[in-house]
Amino acid sequence: MTATPRRVRQLLSWTATAAVWCSVLTAAIVVGLQTSPGSIAPGTAAALGSVGAACAGSLMWRAAGRIAAGRRPTYQLMAAGIQTMAAAFAASCWLPDPAADSVAGTGFAASVVLWALALLRLPDSGWEPQAVQRRLVDGSFVGLCALFFAWTLFARPLFAQMRGPLGEGDLAIVIPGMMGIVMLGVGFTTTFRIQRWRRRHAFAYVAVFAVHFTGLSTFVAWQWGRPEDRVLWWSVLWVATCAALLGVTFLARTQKPAPVDKPNYPGVHYTVMAGAGALAAAAVLINGATRGTLPLDATLLGLAAVGALGARLTLTYFDVRRVTGEAAARQRRLSAIVGVASDTVLVLDPDLTVTWHPEDSAWRPATEAGTCVGASFLDLVHIDDRRGTEEDLRTLLDGLSHTGQVSLNIRVRDSARRWRHTETVVTDLRGRPQVRGLVARVEDVGARRSLETELARMAYSDPLTGLANRRALLQSLEDGVAAEEHQTALLLLDLDGFKNVNDTRGHDFGDELLVEVSRRIKELLRPTDVGARLGGDEFAILLRASWSEAVATAKALVSRLSEPYEFHDESTVFVTGSVGIATAAEGLGDPELLLRNADLALRAAKQAGKNRHATYDAEFDRLVRRKNELSQELRGAIGRDELRLVYQPVFDVTDRTIVGAEALLRWNHPRLGQVSPGEFIPAATESGLTQDLAVWTVNRAAEQLAAWQTGGIKAWISVNVSVKELHTHLFATEVNTALIAAGVPAKRLVLEVTEHDFSHQMNTLIAQLGALRGAGVRIALDDFGSGYSSLGQLERLPVDIIKIDRDLIAKDDGGVGPLAAVTVALGRILGMEVIAEGVETDLQLNAMIAAQAPLVQGYLLAKPMDPDDLTRWLTEEPRALASEAYTVPEPRDTPTDVPESEKS
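Residues numbered from 1 in each chain as written. Predicted model: local features only at pLDDT ≥ 70, side-chain atom pairs only at ≥ 80, totals over all residues. Heavy atoms only, no water.

Q: Can you lay out the overall build of the protein chain for me, pointing to particular residues and giving the numbers?
A: In terms of regular secondary structure, the protein chain is built from 30 helices and 21 strands. In the protein chain, the proportion of contacts linking residues at least 24 apart, taken out of those at least 6 apart, comes to 67%. With an accessible surface of roughly 44,000 Å², the protein chain has 57% of that area assigned to carbon and sulfur atoms. (Helix = DSSP H or I, 4+ residues; strand = E, 2+ residues; numbered from the N terminus. Contact = heavy atoms within 4.5 Å. Areas by Shrake-Rupley, 256 points an atom, 1.4 Å probe, with all protein chains shown as cover.)

As structure tokens, then:
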């Protein structure tokens, strides 16, 4: 197996982890064997602390693996520091004393070094040498000054009083403790130098120092023979601080880019530096006044602080030189730019050597060595453009150019060693004595090229999310068509509930949500995929993938979008997405067709319940086309006289006569043929045409009632209406106008409202029905037993007639429903007329007669028929029900045979 850098890093990390856990588990076993049952020795608490710290370090290393690549090493160094400290602590539990002290001191010191490196790298996504140097020097100076002050005045006398002279074992505590204070100074100083993530950096270095302090305190309490409970509590605090540092790592996983324009605080930084120096000077003066000369160890600390200050002064000197040079160069460049155009002129001899260049030009071409005059013009040109440039110039020199000049689009190096995009026009002026050479006018077009690039980017990208826009998506689709890429799939995405977010939280919040959605989409994109925002909350993804891969991507996208969205104001929003999938097999020849197919699939996903994906279905496409065609054709159906009414009679059981009829709408299209009400009624509802159809139906029914009245027929007609019409104040006016124009009593018109419609705006609906009923129109409650009306609501409703739903009367086997008789009795108690509809067998008819249902309706008795047939039947055969068999003769010339379930 090839040893790649990644595999080497993995091998080293696994080896280090194994070593840590070997040490920790060994300590646990050794201490466990030495501990008597029922007691906790100091070694037990120390071993438990090392186990908890090792667990926290392992978890932190794993959590750091999911942080962005640039910031990941920082948190891995912190995790390595925890594990190093845990391993050293554990080793001191099972190694003999001299070796244990050495290993503990070395491990503690190594952990401090690792943490200091992490704190130095934390503000950046990589190692910036100059920035790291300054942070290290400044932090070391502050930390050493603080250490010098604390050690000279407090720690050293206290240590001498408690422990006496420094022993070999004490060095394992004192040296890492001193290094920890220096590390604290590094973190403290760096926090004031950086411009981004100051709070996050402060949390990190405080947590790191807390881990070091509690771990070292646990070791001190154990080594210096403190009580067992104290060692245990320090061990618990050590593990808790490790958990806190682990929490900092989890926060870093969701860290968003911080603005770079935050203010810097140089005054605070230098105040900290000066304060640290003053603290060290005060320590020298106080020690001299109270104790005399400085001891050797304190002197060495002071010299180290002085050395750090000297290094800082040296770095400052070089910084001043660099900044001064850059400022002078910028000043010269600015002076040249002001008042001069963006082009320059060169004069070349026949050998293409530059012989002259104006000193006051906006910019100066230069070779790699920085020269211009005396250098070959080809040396100024980018190596990729050099060959073509030489050929064009040789053509000019040989006199083969008819215009005496050539135009070159080349890149030219300037004196700052930058490559400038230029349009260079070289004119042959060798025949002029004043020149005797070639004159090259070099115009810098970099700004224009950048503008053109930016305009092209804006034309093909969405300004809010940075994704491609509709134009770019169609261009990519057309490219796929030109290349005949059959492994092409298009995912169309629409957010569910996005409008509610915009309405409740505002458009700015909605834009922030769209940006987060686009970020999640980008996470799923491969290099060959194209993500686009088509507008609003509609997105698209073009995949170079098979159908199965497209479905897998759609599933992942739906799952990713359903995760909660957390925002800067600490609010959480839950929004889902629906995805439609179309592949090249259904629409490769036409990008717009592929986009349409994906839109149809998205529509199917929405209708199926949202928060899911659906693939393009040709049958669903056919149904949509059919529905759209019906919606378009239905708009002119009334004017083209394509609609008609048929009537299904309602029979009185008592005297076996027809007392009324239900008006049913039929549509006979010259091209589409007989269109079922189950098709055109939903289309009319979606297109907003139900109001026109209802008014037309009421007018035709009124005209039929007028004709019957002239012939002496007193039957009534019922018309089906929806809640939408009843909520329109003009509908009641239209009904009254139709009745008055026809000269028909209002009581002969019945308006049927389906029961389940009563679940919406009950109070408003009751008021509207009451108004119509007050004008004399009777109200029927259709399909009673299939909706939501409770018995309490039934008493409130202004209803004259109850039509029992066929499901309460007829069973699938032709039998009688058990609740039919109960419903008839209920209507009788409430004083309402009852119509049993859907009677299809003799058994059901006999049962309704036995239940004393006053009115019946159904296919057994009569199917829907033309008004002329019903009129003839009413005139010629008034006794419709035979007294013996309760059968009815079939009407002559029944025009329409529509199933009972499709009545409308």
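Q: Lay out the sheet that holds strand 5 (residues 437-444) with the relevant residues and their values.
A: Backbone-to-backbone hydrogen bonds join strands into a sheet, with any given pair of strands oriented parallel or antiparallel. The 5 strands are arranged 2-1-5-4-3 in an open sheet whose pairing can be described as antiparallel. Because the sheet does not close on itself, it has two edges, and the strands there are strand 2 (354-356) and strand 3 (405-413). Adjacent strand axes in the sheet meet at a mean angle of 35°, parallel and antiparallel pairs treated alike. With 2 bridges connecting them, strand 1 (residues 343-348) and strand 2 associate as antiparallel partners. (Pairing = 2+ DSSP bridges. Axes fitted to C-alpha atoms, helices over the stretch in contact; angles between N-to-C directions.)

Q: Any chance you could break down the environment of Ser 718 for me, citing the residues and the numbers?
A: Tracing the backbone through its elements, the reader meets Ser 718 in strand 16 (residues 716-721). For Ser 718, a relative accessible area of 1% puts it in the buried group. The spacing of Ser 718 and Ala 661 is 57 residues in sequence and 6.3 Å in space, taken between C-alpha atoms. In this structure Ser 718 touches Ala 661, Glu 662, Ala 663, Val 750 and Glu 752, once residues within four positions along its chain are discounted. (Buried < 20%, exposed > 50% of the residue type's maximum accessible area, 1.4 Å probe, protein only.)

Q: Outline the pairing of strand 17 (residues 749-754), supporting the account with residue identities and numerical values.
A: When you tally the buried positions in strand 17, you get 6 out of 6 residues, the bulk of the element. In strand 17, alternate side chains face the same way, and those of Leu 749, Leu 751 and Val 753 on one face and Val 750, Glu 752 and Thr 754 on the other are all buried. As paired elements, strand 16 and strand 17 share 5 bridges and run parallel to each other. Its bridge partner lying in strand 17, Ser 718 is registered against Val 750. The sheet contact formed by strand 17 and strand 18 (residues 778-784) spans 5 bridges and is parallel. Residue Val 750 lies in a different strand from strand 18, and its bridge partner there is Arg 778.

Q: Account for the packing of aromatic side chains, with residues named and values stated.
A: Taken as a whole and judged by the stated rule, the model has 6 aromatic pairs. Judged by centre distance (6.3 Å) and plane angle (20°), the rings of Phe 209 and Phe 213 are stacked. With Phe 209 and Phe 213 both in helix 7 (residues 198-223) and 4 residues apart, the pair spans about one turn of that helix. Residue Phe 209 is classed as partly exposed on the basis of its relative accessible area of 23%. Centroid distance Tyr 647 to Trp 708: 6.1 Å. Interplanar angle 55°. Geometry classified as tilted. Residue Tyr 647 is found in strand 13 (residues 643-652), and its partner Trp 708 is found in helix 22 (residues 690-710); the two are separated by 61 residues along the sequence. Of the two residues, Tyr 647 and Trp 708, both sit in the buried class. (Phe/Tyr/Trp six-rings, centres within 6.5 Å; stacked < 30°, edge-to-face > 60°.)

Q: Pulling in residues and values, what's your account of unusual backbone geometry?
A: The backbone of Arg 417 shows a phi angle near 65°, a positive value even though the residue is not glycine. Despite not being glycine, Asp 641 shows a phi value in the positive range, around 60°. Position of Asp 641 relative to the elements: it lies in the loop between helix 20 (618-634) and strand 13.

Q: How would you summarise the confidence of the model for the protein chain if you had to cite specific residues and measurements?
A: Caution applies to low-pLDDT regions: their predicted coordinates should not be interpreted in detail. In the predicted model, the protein chain carries a mean pLDDT of 79, and the fraction of residues at 70 or more is 85%. The least confident element of the protein chain, judged by mean pLDDT, is helix 18 (residues 584-587) at 64; the most confident is strand 16 at 92. (pLDDT = per-residue confidence, 0-100.)

Q: Account for helix 17 (residues 547-561), with residues named and values stated.
A: Helix length check: helix 17, at 15 residues, gives a terminal C-alpha distance of 21 Å against a target of 21 Å (1.5 Å per residue), a fit within 8%. Taken together, the buried positions of helix 17 are occupied by Ala 550, Val 551, Ala 554, Leu 557, Val 558, Arg 560 and Leu 561. Of the surrounding elements, those touching the buried residues of helix 17 are strand 6 (489-496), helix 16 (507-524), strand 8 (538-543), strand 9 (565-566), strand 11 (576-583) and strand 12 (613-615). (Expected span 1.5 Å × (residues − 1).)

Q: Any details on the nonpolar core? Residues and values, ideally.
A: Core analysis: the largest hydrophobic core is formed by 77 residues, its most contacted members being Trp 708, Phe 731, Leu 751 and Val 856. The element best represented in this core is helix 22, accounting for 10 residues. Phe 731 has contacts with Gln 691, Ala 694, Val 695, Val 698, Val 721, Glu 725, Leu 726 and Leu 751, leaving out every residue within four places of it along the chain. In terms of nonpolar packing, the next biggest core, distinct from the first, is built from 47 residues, Ala 45, Ile 67, Val 112 and Val 208 among them. (Core = buried A, V, L, I, M, F, W, Y, C linked by side-chain atoms within 4.5 Å.)

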